[in-house]
Amino acid sequence: MTSTGTDSRLKLAVLGSGRGTNLQSIMDACAGGAIPVQVVCVLSDVKDAYILERARHGGIPAEFVDAGPFRTKLEGAGEKRYIERLRHYGAEAVALAGFMRIVKRGLLDAFRGRILNIHPALLPAFPGLESWKQALDYGAKVAGCTVHLVDEGTDTGPIVVQRAVPVLEDDTPETLHARIQEQEHIAYPEALRALASRRVRIEGRRVRMGQKA
Ligand code: GAR
């Protein structure tokens, strides 16, 4: 992971399909100098996703990039288009923030060990869609969120940061998701701070966060 010139901040691309509240928390942390990260572009597979508007509002280049014919994965020509745009913007690392597709080998190889994802559950419990509903249906007493490095699996990969929230008696899917999201907005900047300061060391499936290397 290298940054050129006098700006040593990590050049980060954010990929998302939805509202972009995680992007907002990352942009706020960058703007306040809380993390040594610069968001160089935001790409979305959904033309009118609000995440693109948030990015533009924050002065960040934002593009809809056609992800191709598959609905749930990024592969083939679509994947090539994403890699081309990421290189165009000089991205050194990628944050998936509500990007609702599984990324495949091509992108993983291009950014090996430098792709993070946020998931609204305490992985490895409740991977997949609408995890907060899964947690409620299961009767879990504790829910939360996970930021992890992305590998070939679905919501697998070494865990970087987790934050827990209690499940309350009167929780609905909406109230639980909202409390999980509050924690996501703390967790993502925390994970990015570790990644940017090279404090993330991967040992098998374990991520250790130590002193700056
Ligand atoms: C977040 O809750 C994130 O954890 C979830 O999508 C939401 C995006 O919100 N991601 C997944 O479920 C991925 N499996 P945002 O667009 O407001 O950041």
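Quick caveat: nothing in here was measured; it's all calculated off a predicted structure. (Residues numbered from 1 in each chain as written. Predicted model: local features only at pLDDT ≥ 70, side-chain atom pairs only at ≥ 80, totals over all residues. Heavy atoms only, no water.)

Asks: Is there a simple way to think about the overall build of the protein chain in this case?
Replies: Of regular secondary structure, the protein chain possesses six helices and eleven strands. The principal-axis extent of the C-alpha atoms belonging to the protein chain is close to 50 × 45 × 35 Å. For the protein chain, restricting intrachain contacts to residue pairs at least 6 apart in sequence, the fraction spanning at least 24 positions comes to 61%. When the accessible surface of the protein chain is totalled, it reaches about 10,500 Å², and 52% of it is carbon and sulfur. The centroid of the 29 positive side-chain charges in the protein chain is displaced by 6 Å from the centroid of its 25 negative side-chain charges. (Helix = DSSP H or I, 4+ residues; strand = E, 2+ residues; numbered from the N terminus. Contact = heavy atoms within 4.5 Å. Areas by Shrake-Rupley, 256 points an atom, 1.4 Å probe, with all protein chains shown as cover. Lys, Arg positive; Asp, Glu negative; His and termini not counted. Charge placed at Lys NZ, Arg CZ, Asp CG, Glu CD.)

Asks: How should I be thinking about the site of the ligand in this particular structure?
Replies: The local shell around the ligand holds 14 residues, among which Gly20, Thr21, Asn22, Gln181 and Glu184 are the closest. At 2.5 Å, a side-chain N or O of Thr21 approaches an oxygen atom of the ligand. A distance of 3.3 Å is found between a nitrogen atom of the ligand and a side-chain nitrogen or oxygen belonging to His119. Computed on the free molecule, the ligand has an accessible area of 460 Å², of which 91% lies beneath the protein chains in the complex. Secondary-structure elements contributing two or more residues to the shell around the ligand are helix H1 (21-31), strand S7 (115-119) and helix H6 (173-196). Top element by residues in the shell around the ligand is H6. It accounts for three residues. For the shell around the ligand, the per-class residue count stands at three nonpolar, eight polar and three charged. (Near = heavy atom within 4 Å. Polar contact = N/O pair within 3.5 Å; in protein donor to acceptor, adjacent residues only side chain to side chain. Nonpolar A, V, L, I, M, F, W, Y, C, P; charged D, E, K, R; others polar.)

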